Amino acid sequence: MNWVKLSRGDAVVWLLAATLLVSVYTIFWQADGHGAEAVVLVNGKRWARLDLFQNQDLDVPGPLGHSHIQVRDGQVRFVNSPCPNQLCVHTGWLNQGGEVAICLPNKVSLQILGSDPRFDAINF
Amino acid sequence: MARTLQTTRDDYLIAGFAALAITIHIAESALPSPLPGIKPGLANVVTLVVLCRYGWRMAAWVSLLRVLVGSILIGTFLSPTFFLSAAGALASVAVLGLLFALSRALPGWAVGPMGYGVAAALAHMSGQFWVAYAVFVPHSGLLTLYPLLMTLAAVLGIVSGLLTRTILARLNSPPPGDNPV
């Protein structure tokens, strides 16, 4: 048998393999989808549940002071926070399911609720 | 009254090829790998060569013996590594069996080493991955790794297919000299 040439069967297998590969990327790499709700946690406990499509501003109390949170048009972010590094503020706008912004010093965190929570638990 | 075990020629061939595959497997296990458990899978070349020259049944024996004996010799028998390895081998043997049967049923569409190599590699990786996900790391974060692992498997499958093809080509033309193939 001549093994050197690529046979028709090989071509079929490769085609199926390519299809499988593409579909695997599509299925496992798609973003969680736009979130509709966010949850604010203070000290690990749920403090508020926010509708992302109701524009609002909140002051969330923490040990260091108040973290200011803003909801606008399906997105939410930390506007300012009494922490030295401002990492929470620099995270910017969250809108996809599973996204989080955390202010560790003030023990406040924001998470967009999606179908598949990206983190099982957040502990400070 | 003593009863002797009748050994056939096939038994010797299986033993010989399995020994070859096991040796390659152990030598390869000494190489460092960037990700845990990801190996080039060079021992699979033996499985593929046996598949193409002797059929699926012998290839299945060689593959499963390689996983079993290899794990005993390396010392990972019944460890998580062993179960992942076994899952991969079983999946790959099953897929090869399917393709082999289809190749026999439709000779015009017979699959060759290149096709077998890629199919076996993807099946092997999938078998390992899903057992790892189901039993060891049931976290959704692992799923993001699947496409990357499959891409790697496809590439390594092509490599093993190429190696198999080269070996088969050399085996079909006996080398000059007194060494019969």
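Residues numbered from 1 in each chain as written. Chains lettered and ligands numbered in written order. Predicted model: local features only at pLDDT ≥ 70, side-chain atom pairs only at ≥ 80, totals over all residues.

**Points about the packing of helix H2 (residues 43-54) of chain B against helix H7 (residues 146-172) of chain B**
All names here are of chain B. The geometry of H2 relative to H7 is characterised by a closest axis approach of 9 Å and an angle of 50 degrees between their N-to-C directions. Relative to H7, the element H2 lies oblique. Our pair here, H2 against H7, has a crossing hand that is right-handed. Contact with H2, carried on its side by Asn44, Val45, Leu48, Val49 and Cys52, involves Ser160, Leu163, Thr164, Ile167 and Leu168 of H7 and no other residues of that element. Taken together, the residues that form the contact of H2 with H7 break down as 7 nonpolar, 3 polar and no charged. (Axes fitted to C-alpha atoms, helices over the stretch in contact; angles between N-to-C directions. Helix = DSSP H or I, 4+ residues; strand = E, 2+ residues; numbered from the N terminus. Parallel < 35°, antiparallel > 145°, perpendicular 65-115°, else oblique. Left-handed = near helix turned anticlockwise from the far one by under 90°. Contact = placed C-beta atoms within 7 Å. Nonpolar A, V, L, I, M, F, W, Y, C, P; charged D, E, K, R; others polar.)

**Notes on the sheet that holds strand E3 (residues 56-62) of chain A**
Residue and element names in this part refer to chain A. Reading across from one edge, E3-E4-E5 is the order of the 3 strands in this open sheet, with antiparallel pairing throughout. The sheet is open, and its two edges are formed by E3 and strand E5 (75-80), each paired on a single side. Recorded for the sheet is a direction-independent mean angle of 30 degrees between the axes of neighbouring strands. Pairing of E3 with strand E4 (residues 65-72), which is carried by 7 bridges, proceeds in the antiparallel orientation. Looking at E4, one finds that Leu58 is bridged to Ile69. (Pairing = 2+ DSSP bridges.)

**Some details on the confidence of the model for chain A**
On average, residues of chain A score 85 in pLDDT, and 85% of them reach the 70 mark or higher. When pLDDT is averaged over each element of chain A, helix H1 (residues 8-28) of chain A comes out on top at 94 and strand E7 (residues 108-113) of chain A at the bottom at 86. (pLDDT = per-residue confidence, 0-100.)

**What about the sheet that holds strand E6 (residues 100-103) of chain A?**
Residues and elements named next belong to chain A. Spatially, the 4 strands line up as an open sheet ordered E2-E1-E7-E6, and their pairing is antiparallel. Strands with a single pairing partner mark the edges of an open sheet, and in this sheet they are strand E2 (45-51) and E6. Averaged over all neighbouring strand pairs, the angle between strand axes comes to 20 degrees, with direction disregarded. The sheet contact formed by strand E1 (residues 37-42) and E7 spans 6 bridges and is antiparallel. Within E7, the position partnered with Glu37 by the bridge is Leu113.

**Describing unusual backbone geometry**
Most peptide bonds adopt trans geometry, and most residues besides glycine take a negative phi value. Phi angles above zero are rare outside glycine, and Gln86 of chain A is one such case at about 60 degrees. Counting through the fold element by element, Gln86 of chain A comes out in the loop between E5 and helix H2 (87-91). In this structure, Leu78 of chain B is a non-glycine residue whose phi angle is positive, near 65 degrees. One can find Leu78 of chain B in the loop between helix H3 (56-74) and helix H4 (80-105). We classify Leu78 of chain B as exposed; it has 10 C-beta atoms within 10 Å. (Buried ≥ 20, exposed ≤ 12 C-beta atoms within 10 Å, placed from the backbone.)

**Things to note about the nonpolar core**
Val62, Leu96, Ala119 and Leu122 of chain B are the most contacted members of the largest nonpolar core, which totals 46 residues. Put simply, the parts of the chain that give this core at least two residues each are H1 of chain A together with helix H1 (9-29), H2, H3, H4, helix H5 (113-136) and H7 of chain B. No other element matches the 11 residues that H5 of chain B contributes to this core. If we skip the residues at most four places from it in the chain, Ala119 of chain B touches Val13 and Ala17 of chain A together with Val95, Leu96 and Leu99 of chain B. Judged by nonpolar contacts, the second largest core, of 14 residues, contains Ile69, Leu94, Cys103 and Ile112 of chain A. (Core = buried A, V, L, I, M, F, W, Y, C linked by C-beta atoms within 7 Å.)

**Some words on the interface of chain A and chain B**
Note: interface size is frequently given as the accessible area lost on complex formation between the parts. Across the contact, 18 residues belong to chain A and 25 residues belong to chain B. Class assignment of the residues belonging to the side of chain A that touches chain B gives a composition of 13 nonpolar, 2 polar and 3 charged.

**Quick notes on the environment of Glu99 of chain A**
Residues and elements named next belong to chain A. Position of Glu99 among the secondary structure elements: in the loop between H2 and E6. Separated by 61 residues in the primary sequence, Glu99 and Ala38 place their C-alpha atoms 9.5 Å from one another. Once residues within four sequence positions are removed from consideration, Glu99 is found in contact with Leu94 and Ile112.

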